[in-house]
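# Summary of the model geometry
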Amino acid sequence: MSETCSISVSGMTCAACSSRIQRSLEQTPGVKDASVNLMTGTATVAFDPTAVTPNGLVDVIRDTGYGAELPSPDATPEELLEAQDAERNAELTDLRRKLLVSVVAGVASVVLSMPGMLGIDPSTARWALLLLTLPVVLWAGRHFYSRAWAAFRHHAADMNTLIALGTGAAFGFSAFMTVADDWVAAHGLEPHVYYEPVVWIIALVLLGNLLEARAKGRTSGAIRRLIGLRPATARVVHEGVESDVPVDRVRVGDLLIVRPGERIPTDGEVIDGRSFVDESMLTGEPEPVVKEAGAAVVGATLNRNGALRVRATRVGRDTVLARIISLVRAAQGSKAPIQRLADRVSAVFVPIVISIAIATFVVWYDFGPEPAYLRALVSAVTVLIIACPCAMGLAVPTAVMVATGRGAELGVLIKGGDALQRTAEVDTVVLDKTGTVTQGRPSVQHIELDDEALRLAASLERFSEHPIAEAIIDAARARGLSLNDPDTFEAIPGKGVVGRVGGRQVLVGNRGLMSYRAIDTTRFEQQAAELAANGATPVLVAVDGRPAGLLSIADPVKPTSAAAVEGLRRMSLDVIMLTGDDERTAKSVARLVGIDHVIAEVPPDRKLEEVKRLQQDGRVVAMVGDGLNDAPALAQADVGIAIGTGTDVAMETGSVTLIRGDLLGVPDAITVARRAMRIIRQNLFWAFIYNVIGIPIAAGVLYPFGGPLLTPALAAAAMAVSSVSVISNSLRLRKGP
Amino acid sequence: MTPSELFVTAVGLAAIAWVNWYFFFARRSSVVAQAGGGLQRARIEVDNGYAPAVVRVRAGQPVRLEFHRVDGSSCTEEVVIPDFGIRRFLPNGQTTAVDFMPRAAGAHDFACGMGMVRGKIIVDE
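Reference entry: report on the structure contained in this document. No experiment lies behind these values; they were computed from the predicted model shown.

With that settled, the discussion passes to the overall build of chain A. A count of helices and strands for chain A gives 27 helices and 25 strands. Since a compact globule built from 737 residues should have a radius of gyration of about 27 Å, the 36 Å found for chain A marks it as more spread out than a globular shape. If you line up chain A on its principal axes, its C-alpha atoms span 130 × 75 × 50 Å. By the burial criterion, 52% of the 737 residues in chain A qualify as buried. Put simply, 68% of the contacts in chain A that link residues at least 6 apart link residues at least 24 apart. Of the accessible surface of chain A, which amounts to about 32,100 Å², a share of 56% is contributed by carbon and sulfur atoms. For chain A, the separation between the mean place of its 71 positive charges and that of its 79 negative charges on side chains is 3 Å.

See below:
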């Protein structure tokens, strides 16, 4: 009898760690088999449950010095999202109820504040106001006080502290005036009360909180949509029987049936069938893509018109969608360097505002007109209420969240606030040629050969490993020619290949090969030169010592490259193509897509040096490449943009990843980043300016010059508007690139 | 100046001094994460603030912070530790474990989703 369990292991840094854990597991009595995966941080153990328990295995791993945990029934992203939504809805309902009560009390308090008009005794009116305000303070505004107190105990102060102090002071003063009105009158003072502002401040701040909570929910809309894409079930064929199972139970290797109109349950390979698949939700590519046997498909994409049989190749957290979600989550948790400024200010903001409020009170008390103590109190309360630390705290993170989410919708993964900020600063875009500007798959463009000569050439190429060989074989297959293996084969480096196929002597190669074998190809000369000038490589073929014709091979430019380059140039970016190819081919490709500046004949290992050289000229460089061969150059660049190759994306390399395999994502990424930074600067500017102007006015600096004094209720309205407007400004990033 | 003005001025100045001392200079509660089973653990109560707000851990050993959230305010519904790329939702009334690996000595901030409520992780050699 045997059971299997998987344990998550933390703290492993190298292969030595994982093998040490594996050894100690294997030496444990009752363990039949153990394997420890360093990359995923999991140990999978087959054990005899009568000899050892999973918890015992956890202890074994911990004894080796690593962290180990049995997987808690891990909440899925959907469940977490549901819990988050449920909490938010509960909060919204609660806020709405409190707001309603406060507004009703607020209207009543306005009426009661004019006792003369109602013809009631002022003392009775004060008591009525006290009774009206009590539920607002004790129930609707209760959380301001309890949260302020909790923060205070931790030596922290936030917006709640300011609200609690402001309303608390006004309410306490008014309550004293109400209860002790005889004593106040005996001292020759007129009892003044400020219940009305207390109620309105609480009502307005609640309204602000309500709007803020709703808007904050929207900042995570993009990741919500991504999580929502996950299909719930898959139709699995098991021993010839089809059944619907939850997606979590699909294993690698399972055969799945995807009917038209359904989402593909997980990443896989098409076994048979043919259909258009809409991948726009992950790649941003609007055109559906044809998928047939052998093609890779991505989970969560939409199968349009045909039925597909798909073999699952990746499941669970290894799928493209799961990796996108986790990258976007991590990006949204990161900070943009520009936030440091806001952080530094908001860390000291509230205590400083409290100090200013106290100073305001003292100055009004000492120098203000009579009744000085009343003016002092009102001005101090107004200072506390108008100050808005929230607007500053929200300025950067909300914009980073919305922008990275919007990027993901466009198929552009920006790996965090840092990457976002640097991408916005880019002034030079360096494009790798092969596989970035071009498709990276050489193919035959032009054939001037009869079928027999093509068949012989392709048959000979079957033994060649040159990338050109594959293109020639594909071209012959496309014409339905049947190939056989050559009898003899010789590759002549830099020239071509020579051999015998079915008793005939065949040569495939360049001009050098032909003249080397003394074959006269003069009549193809001019054509060959023209082809080369157009960026293609001419290949000559000779059979039995006589020239048979030529074909040309080129790595075609991606259809979207020219539009992408045009887009980048319109954004006044310098576009440079960097390639190892020879200058003539490189220049003609560059001409096709509209690039003026080419750096050619750079071997892969020197691309990094070229990027460095550009940076030394003071440029901020974005390097766009495939993420595998170009990894060092991507790392050197200020922004490394890894471009996807179909569905298999090296997503973790580069600070930006384009899921879609074309260059249109580059202008998108830079546009999103530039817009985000513009919005962040606006947010920070307004948040600062608001406080810098609002607080002195509230304190009354304009008063000696005949300027206005703000009322506390007006201050509360201004504060609510300021924090909501910052979020709304960030939400503008949800639209457009 | 009248005696009452002098009195108010003196009390006001003292209050300003106290506010600045209390929020900026008074000692914050800190806790050293408890090691055991290869994991350093610390429990943090989330109630409109983090208690303790400062956690000391050792470098090179995995850390698990157990956030127990009790405040039901959307302000603290997420905890973010930017230096470790963590943004985690903390369901109210539950304990949520957040794991990470501090590789080198240094200080790392953690904060609520909107950066208003803060704490610090100090990594010692």
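This is not the end of the story, as more comes after the structure.
What follows is about the side chain of Ser355 of chain A. Tracing the backbone through its elements, the reader meets Ser355 of chain A in helix H13 (residues 339–367). Other than its neighbours up to four places away in sequence, Ser355 of chain A contacts Ile16, Val19 and Asn20 of chain B.

A word on a nonpolar patch on the surface. Residues and elements named next belong to chain A. A cluster of nonpolar side chains, Val110, Val111, Met114, Met117, Leu118 and Ile120, forms an exposed patch at the surface whose accessible area comes to about 520 Å². Listed by contribution, the elements that provide at least two residues to the nonpolar patch are helix H3 (77–112) and helix H4 (115–118). Within the secondary structure, Met114 sits in the loop between H3 and H4. Taking relative accessible area as the criterion, Met114 reaches 37% and is therefore assigned partly exposed.

Contacts between the two partners involve 51 residues from chain B, matched on the other side by 50 residues from chain A. When the two sides are added together, the surface that chain B and chain A hide from each other amounts to roughly 4,400 Å², 60% of it contributed by carbon and sulfur. There are one salt bridge connecting chain B and chain A. We note a salt bridge from Arg88 of chain A to Glu77 of chain B, for which the minimum N-O separation is 2.9 Å. At the surface where chain B touches chain A, the tally comes to five residue pairs in polar contact (both at pLDDT 80 or more). The greatest single-element share of the side of chain B that touches chain A, amounting to 13 residues, is contributed by helix H1 (residues 3–25) of chain B.

On to the packing of helix H10 (residues 221–228) of chain A against helix H15 (residues 389–409) of chain A. Geometry of a packed helix pair, given as the angle between the helix axes and the separation of the axes. Two elements in contact, H10 of chain A and H15 of chain A, have axes whose closest approach is 7 Å; the angle formed by their N-to-C orientations is 40 degrees. Side by side, H10 of chain A and H15 of chain A meet where Ala222, Arg225 and Leu226 of chain A of the first sit next to Gly405, Arg406, Ala408 and Glu409 of chain A of the second.

All names here are of chain A. Under the definition given, this model contains 33 salt bridges over all chains. Arg569 is paired through a salt bridge with Asp596; the nearest N and O atoms lie 3.2 Å apart. Of this pair, Arg569 sits in helix H22 (residues 561–570) while Asp596 sits in the loop between helix H23 (583–593) and strand E22 (597–599), and the two are 27 residues apart along the sequence. Under the relative-accessibility criterion, Arg569 is labelled partly exposed at 38%. The residue Asp574 makes a salt bridge to Arg619 at a minimum N-O spacing of 2.9 Å. One end of the pair, Asp574, is in strand E21 (residues 574–578); the other, Arg619, is in the loop between helix H24 (607–616) and strand E23 (621–625), and 45 residues separate them in sequence. The class for Asp574 is partly exposed, based on a relative accessible area of 40%. Within the structure, one salt-bridge network assembled from shared partners comprises Glu452, Arg455, Arg504 and Asp544.

Inspection of the entire model under this criterion finds 19 aromatic pairs over all chains. Relative to Tyr703 of chain A, the ring of Trp364 of chain A has its centre 5.1 Å away and its plane inclined at 55 degrees; by these criteria the two rings are tilted. Here Trp364 of chain A, found in helix H13, pairs with Tyr703 of chain A, found in the loop between helix H26 (665–699) and helix H27 (712–731); they are 339 residues apart in sequence, far enough to count as distant. By relative accessible area, which is 7% here, Trp364 of chain A ends up buried. An aromatic cluster of at least three residues, connected via ring pairs, comprises Trp149 and Phe152 of chain A together with Trp18, Trp21, Tyr22 and Phe23 of chain B.

A few words on H13 of chain A. The α-helix winds at 3.6 residues per turn, so residues separated by three or four positions along the chain end up facing the same way. Counted at 1.5 Å a residue, the expected span for H13 of chain A with its 29 residues is 42 Å, and the 40 Å between its end C-alpha atoms agrees. Along H13 of chain A, the sharpest kink reaches roughly 45 degrees, centred on Phe349 of chain A and followed within four residues by the proline Pro351 of chain A.

All right, on to the sheet that holds E21 of chain A then. Residue and element names in this part refer to chain A. Sheet architecture is open: seven strands sit in the order E13-E25-E24-E23-E14-E21-E22, paired in mixed fashion. Only two strands of the sheet have a single neighbouring strand rather than two, namely strand E13 (412–414) and E22. Within this sheet the neighbouring strands show an average axis-to-axis angle of 20 degrees, counted without direction. Sheet topology places E13 next to strand E25 (residues 656–658); three bridges connect them, and they run antiparallel. Pairing of Ile414 across the sheet is with Val656, part of E25.

Now for the nonpolar core. Residues and elements named next belong to chain A. Ranked by size, the top nonpolar core spans 124 residues in total, and within it Val429, Leu431 and Val666 carry the most contacts. With near-sequence residues (within four places) excluded, Val429 lies in contact with Leu568, Leu573, Asp574, Val575, Ile576, Ala622, Val624, Val666 and Ile670. Formed by 25 residues, the second largest nonpolar core is a distinct cluster that contains Val444, Leu454, Leu483 and Val543.

All names here are of chain A. Here six strands make up an open sheet; going across it, the order is E15-E20-E19-E18-E17-E16 and the pairing antiparallel. What marks the edges here is a single partner per strand, and that holds for strand E15 (443–448) and strand E16 (488–492). On average, each strand axis in the sheet is tilted by 20 degrees relative to the strand beside it, whichever way the strands run. In terms of strand pairing, E15 meets strand E20 (residues 546–554) through five bridges, oriented antiparallel. Within E20, the position partnered with Val444 by the bridge is Ile553. Across the sheet, helix H18 (residues 451–461) is in contact with E15, E16, strand E17 (496–501), strand E18 (504–509), strand E19 (537–543) and E20; its angle to E18 comes to roughly 75 degrees. Lying over the sheet, helix H21 (residues 525–533) contacts E15, E19 and E20, oriented at roughly 10 degrees with respect to E20.

Cut-off values and rules
Residues numbered from 1 in each chain as written. Chains lettered and ligands numbered in written order. Predicted model: local features only at pLDDT ≥ 70, side-chain atom pairs only at ≥ 80, totals over all residues. Heavy atoms only, no water. Helix = DSSP H or I, 4+ residues; strand = E, 2+ residues; numbered from the N terminus. Rg over C-alpha atoms; globule rule 2.2 N^0.38 Å. Buried < 20%, exposed > 50% of the residue type's maximum accessible area, 1.4 Å probe, protein only. Contact = heavy atoms within 4.5 Å. Areas by Shrake-Rupley, 256 points an atom, 1.4 Å probe, with all protein chains shown as cover. Lys, Arg positive; Asp, Glu negative; His and termini not counted. Charge placed at Lys NZ, Arg CZ, Asp CG, Glu CD. Patch = residues over 30% accessible without salt bridge, like charges linked within 9 Å, V, L, I, M, F, W, Y side chains within 5 Å. Salt bridge = Lys/Arg side-chain N within 4 Å of Asp/Glu carboxyl O. Buried area = accessible area lost by both parts, 1.4 Å probe. Polar contact = N/O pair within 3.5 Å; in protein donor to acceptor, adjacent residues only side chain to side chain. Axes fitted to C-alpha atoms, helices over the stretch in contact; angles between N-to-C directions. Phe/Tyr/Trp six-rings, centres within 6.5 Å; stacked < 30°, edge-to-face > 60°. Expected span 1.5 Å × (residues − 1). Bend = angle between axes of the 7 residues up to and from the residue. Pairing = 2+ DSSP bridges. Core = buried A, V, L, I, M, F, W, Y, C linked by side-chain atoms within 4.5 Å.

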